[in-house]
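The chain contents come next:
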Amino acid sequence: EKGLNNAEDLKKYFFIDTYNFFWTVKPEEFFKKFENQYNDFWTAERIAKEKQIGLSRDQVYALASIVYKESGGKPDEMETIAGLYMNRYKKGMKLQSDPTVIYAVNKASNFTTPIKRVLYKHLREQSPYNTYANAGIPPGPICVTDKNSVDAVLNYEKNNYIFMCANPQKFGFHKFTNNAVEHEKNAKEYQQWLNSKNIK
C-alpha cells in the first residue's frame, strides 16, 4: 500500500531500540507504531538538514547504516565517520566500506556465510551494496540503524578525512587521515594485529 516491495524497503521505518508489545497486537497496530515513530523523528529541523546536505531519505538511511556498522553502534565517532564518507561521496570516490562488502557477500549467500575478515576475493562481490565495486551510496541500508546514526549523517563533522582504519591500540575506535601513505601504515599495522590474533 505504501509502495514497499520487500523487507529491504522496511528497514528505514525501524530503529534499533527496545519495544513493548502485547502478544495479541494486530499487525496493523504493530506497523502503525513504527510509522508514527518514523513520522515523529522526521521533524521540520531534520527535514531541513536533510535538504541542506543534499541526500535523499534513502541515501541518508543507507549512509547511516554504514556509520552504525563502522562505529560499532557507539556514538563517539559517528559524526566523524559520517564526515569522512560525505567527503568521499562528494569527491566521487568509492566509499570502500567493509561492512557493505560483508552485507553483499552475506546477502548473496542468503546470510549463511559469516565473515570475520574481509579478504580481496570478497571485494569483487557483484552487488549494488558493495561500495568497493560501486561508486556512490548503496540503494538502501545494510542494517536497521539507530537514531544516533541518522542524526550523525544529518550533522556530519566537517573534516578533511578520506581514510579510516580500525585502531588496534584502542579497540572499537579508528585512526583517521587524509594522507594515503599514513593510511597504508595504519592498515598494515591493523593487518599485523589481525594476523597476531589469527583472525581469518
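As shown above, the structure is provided for reference.
Here goes a summary of the coordinates provided. In this text, all values refer to a predicted model and were calculated from it rather than measured experimentally.

Our focus in this paragraph is the overall build of the chain. For the chain, the count of helices and strands is 9 helices and 2 strands. For the chain, the α and β elements follow one another from N to C terminus as α-α-α-α-α-α-α-α-β-β-α. Its C-alpha radius of gyration of 18 Å places the chain within 12% of the 16 Å reference for a compact globule of 200 residues. Counting only contacts in the chain whose residues sit at least 6 apart along the sequence, the fraction spanning at least 24 positions is 60%.

Turning our attention to the nonpolar core. The biggest cluster of nonpolar side chains holds 34 residues, and the ones touching the most others in it are Val150 and Val153. When residues of this core are traced back to their parent elements, those giving at least two are helix H2 (27-41), helix H4 (57-71), helix H5 (78-91), helix H6 (98-108) and helix H8 (147-154). Per-element tally for this core: the top contributor is H4, with 8 residues.

At Asn110, a residue that is not glycine, the phi angle is positive and equals roughly 60 degrees. Locating Asn110 in the fold gives a position in the loop between H6 and helix H7 (120-123). Even without glycine at this site, Phe111 takes up a positive phi of about 60 degrees. Counting through the fold element by element, Phe111 comes out in the loop between H6 and H7.

Let us look at the pattern of salt bridges. What the rule picks out here adds up to 5 salt bridges. A salt bridge links Lys32 to Glu35, with the shortest nitrogen-to-oxygen separation between them at 3.6 Å. Remark: Glu35 and Lys32 occur in helix H2; sequence separation between them is 3 residues, near one turn of the helix. On the basis of relative accessibility, which here comes to 43%, the residue Lys32 falls in the partly exposed class.

Conventions and cut-offs
Residues numbered from 1 in each chain as written. Predicted model: local features only at pLDDT ≥ 70, side-chain atom pairs only at ≥ 80, totals over all residues. Heavy atoms only, no water. Helix = DSSP H or I, 4+ residues; strand = E, 2+ residues; numbered from the N terminus. Rg over C-alpha atoms; globule rule 2.2 N^0.38 Å. Contact = heavy atoms within 4.5 Å. Core = buried A, V, L, I, M, F, W, Y, C linked by side-chain atoms within 4.5 Å. Buried < 20%, exposed > 50% of the residue type's maximum accessible area, 1.4 Å probe, protein only. Salt bridge = Lys/Arg side-chain N within 4 Å of Asp/Glu carboxyl O.

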